[in-house]
Amino acid sequence: AKARETAQRTACVANLRQIDGAKEQWALENKKAPGATPAEADLVGPDKYIHSKNSCPAGGTYTLNPVGLPPACSQHGSFPH
């Protein structure tokens, strides 16, 4: 059980890092200031920064948060930990 929890947390943190990178790239390319919040559709899609929607392996939900703040998971908290 401990190994599964550790693996889920590691995968979740990787997803949060990907989301954070996509947010930053979106902000740069669209000249968005800190505090702007992208919609999921701005980041996820075949022609976007993330090709398919990430999901937390532990069943948590992701919150994008505004540019300048890290994304968060309802199960594992914010990135970076």
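Our structure's up above, just so we're on the same page.
Bear in mind that the values here come from a model prediction, so they are computed numbers and not experimental data. (Residues numbered from 1 in each chain as written. Predicted model: local features only at pLDDT ≥ 70, side-chain atom pairs only at ≥ 80, totals over all residues. Heavy atoms only, no water.)

## Considering the overall build of the chain
Moving on, step 1. Check the secondary structure of the chain and you find two helices and three strands.
Moving on, step 2. Listing each helix as α and each strand as β along the chain from the N terminus yields α-α-β-β-β.
Moving on, step 3. Over its C-alpha atoms the chain spans a radius of gyration of 13 Å, differing by no more than 12% from the 12 Å that the globule rule assigns to 81 residues.
Moving on, step 4. Counting only C-alpha atoms and orienting by the principal axes, one finds that the chain spans roughly 45 × 25 × 15 Å.
Moving on, step 5. Across the 81 residues that make up the chain, the buried fraction comes to 32%.
Moving on, step 6. A separation threshold of at least 6 residues defines the contact pool for the chain, and within that pool the share at least 24 residues apart is 55%.
Moving on, step 7. Total accessible area computed for the chain in this model is approximately 4900 Å², and 52% of it derives from carbon and sulfur atoms. (Helix = DSSP H or I, 4+ residues; strand = E, 2+ residues; numbered from the N terminus. Rg over C-alpha atoms; globule rule 2.2 N^0.38 Å. Buried < 20%, exposed > 50% of the residue type's maximum accessible area, 1.4 Å probe, protein only. Contact = heavy atoms within 4.5 Å. Areas by Shrake-Rupley, 256 points an atom, 1.4 Å probe, with all protein chains shown as cover.)

## Details of the pattern of salt bridges
When charged atoms on two side chains of opposite charge get close, those side chains can pair.
Moving on, step 1. Summed over all chains, the structure comprises one salt bridge.
Moving on, step 2. The salt bridge involving glutamate 40 is made with lysine 53; its shortest N-O contact spans 3.7 Å. Remark: lysine 53 occurs in the loop between helix H2 (40-43) and strand E1 (62-63) and glutamate 40 occurs in helix H2; sequence separation between them is 13 residues.
Moving on, step 3. Taking the relative accessible area as the measure of exposure, lysine 53 reaches 58% and is therefore exposed. (Salt bridge = Lys/Arg side-chain N within 4 Å of Asp/Glu carboxyl O.)

## Here's the deal with the sheet that holds strand E3 (residues 77-78)
Moving on, step 1. Pairing is antiparallel in the open sheet, where three strands are placed in the order E1-E2-E3. Unpaired on one side and paired on the other, E1 and E3 mark the two borders of the sheet.
Moving on, step 2. In terms of strand pairing, strand E2 (residues 72-73) meets E3 through two bridges, oriented antiparallel. Bridging across to E3, alanine 72 finds its partner in serine 78. (Pairing = 2+ DSSP bridges.)

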